[in-house]
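Residue-level listing of the chains:
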Amino acid sequence: MQQPVNTPFSSNTPAEEIARKSDMTGKRIIITGANSGLGKETARVLGMVGAEVVLAVRNLEAGQAVATELAELIGKNNFEVAELNLSAKDSIRKFAETYLENNDRLDVLISNAGIMGVDENYIDGLESQMAVNFLGHFLLSALLAPALKQTEGARIVTLTSVAHHISDIDFNDFNFDSTPYHPMLAYGRSKTANALLAVALHDRLASFDVTSLAVHPGIIHETGLNRSMDEEAIAMIDAAAQGGAKTTETGAATSVWAATCDDLLGKGGLYLEDCKVSELLEQANFVSGVLPFALSTESADRLWTQAESWLGERFNFT
């Protein structure tokens, strides 16, 4: 658990520097939320080194504009745009169905999109941050598993956060029926769920040579993710950053490292940050490191079963 992996990179290494160490020519990559922030930068640098990148976005027009912009920036026209709304199960199913109809491989799925600190809201009866950040990516990962399974050395990179320090999963109160709703508490639980998703996917897909990793990108203000947050929540995030907030370029670095580093192949279930394997903590510090409950295989299995119950569908990868 959390065994270190040698790396020449650090928290200050930009994503482009990491990408340039790899030739991704011909690799098929899907990035959710790729029309802005970390997703856009991740797409840019992976496209720069030859990857064929699918920008999975809610707004097709905005996505097309980004694809055109990125193609002009890197001088390569290797970006596709596809509609994906992670809050709508029909949209997720349509995206996956279309992709599988047109592609027989998927080298990397980067589950990057998310919402943060939003007001209380429910999607199909489930708290919205858990619905979008976790359940949407759960369904997408499960539906795309056939392409991942038949691609040598495939990877799933699921973005989590140091915000998992806020709370473990409360399996008895997903919708805050017993406790008052708090936007950052809900966000923290959703990010714990994403870390557990990486563990669950590793347990189910490692035998097919698929490496599943969780990534905390760092604290980045310029992505727009905090646009729904109040001043109290923003102050909490600033405190966690301790003056070390990242740029988009350095924030995307760990995702790119997870997607390209050969030394990470076959070492799924790890929680990564600052281009390294995170330290395993005994208690929360709200700054860095991973807590044991975010790596629990028991909780990961229990959450997987819960997600199948929410969706009314079972996923058997054997």
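Whatever comes next refers back to the structure up there.
Residues numbered from 1 in each chain as written. Predicted model: local features only at pLDDT ≥ 70, side-chain atom pairs only at ≥ 80, totals over all residues. Heavy atoms only, no water.

> I'd like a rundown of the packing of helix H5 (residues 128-149) against helix H10 (residues 297-311), residues and numbers included.
Across the interface, H5 lies against H10 with an axial gap of 11 Å and an inter-helix angle of 90°. As judged from the angle between their axes, H5 and H10 are roughly perpendicular. When H5 is examined against H10, the residues Met130, Phe134, Leu135, Phe138 and Leu139 are found in contact with a partner set consisting of Leu303, Trp304, Ala307, Glu308, Trp310 and Leu311. Partitioning the contact of H5 with H10 into residue classes produces 10 nonpolar, no polar and 1 charged. (Axes fitted to C-alpha atoms, helices over the stretch in contact; angles between N-to-C directions. Helix = DSSP H or I, 4+ residues; strand = E, 2+ residues; numbered from the N terminus. Parallel < 35°, antiparallel > 145°, perpendicular 65-115°, else oblique. Contact = heavy atoms within 4.5 Å. Nonpolar A, V, L, I, M, F, W, Y, C, P; charged D, E, K, R; others polar.)

> Which residues make up the nonpolar core, and what values go with them?
Grouped together as the largest cluster of nonpolar side chains are 55 residues, with contacts concentrated most on Ile30, Phe134, Phe138, Leu144 and Phe315. At the level of elements, strand S2 (52-57), helix H4 (89-102), H5, helix H6 (183-205) and H10 are the ones that each hand at least two residues to this core. With 14 residues, the single largest contributor to this core is H5. Other than its neighbours up to four places away in sequence, Phe315 contacts Phe138, Leu139, Ala142, Leu143, Trp304 and Glu308. Formed by 45 residues, the second largest nonpolar core is a distinct cluster that contains Leu70, Phe79, Ala252 and Ala258. (Core = buried A, V, L, I, M, F, W, Y, C linked by side-chain atoms within 4.5 Å. Buried < 20%, exposed > 50% of the residue type's maximum accessible area, 1.4 Å probe, protein only.)

> So what about the sheet that holds S2? Which residues, and what values?
The sheet built from 8 strands is open, its strands ordered S3-S2-S1-S4-S7-S8-S9-S10 with mixed pairing. Looking along the sheet, the strands with just one partner apiece sit at the ends: strand S3 (79-83) and strand S10 (276-277). The sheet contact formed by strand S1 (residues 28-32) and strand S4 (residues 108-111) spans 3 bridges and is parallel. Along S4, the bridge assignment pairs Ile29 with Val108. The sheet contacts of H5 involve S1, S4 and strand S7 (155-159), and relative to S4 the element is tilted by about 175°. On top of the sheet, H6 reaches S7, strand S8 (211-216) and strand S9 (271-273); it is set at about 165° to S8, its chief contact. (Pairing = 2+ DSSP bridges.)

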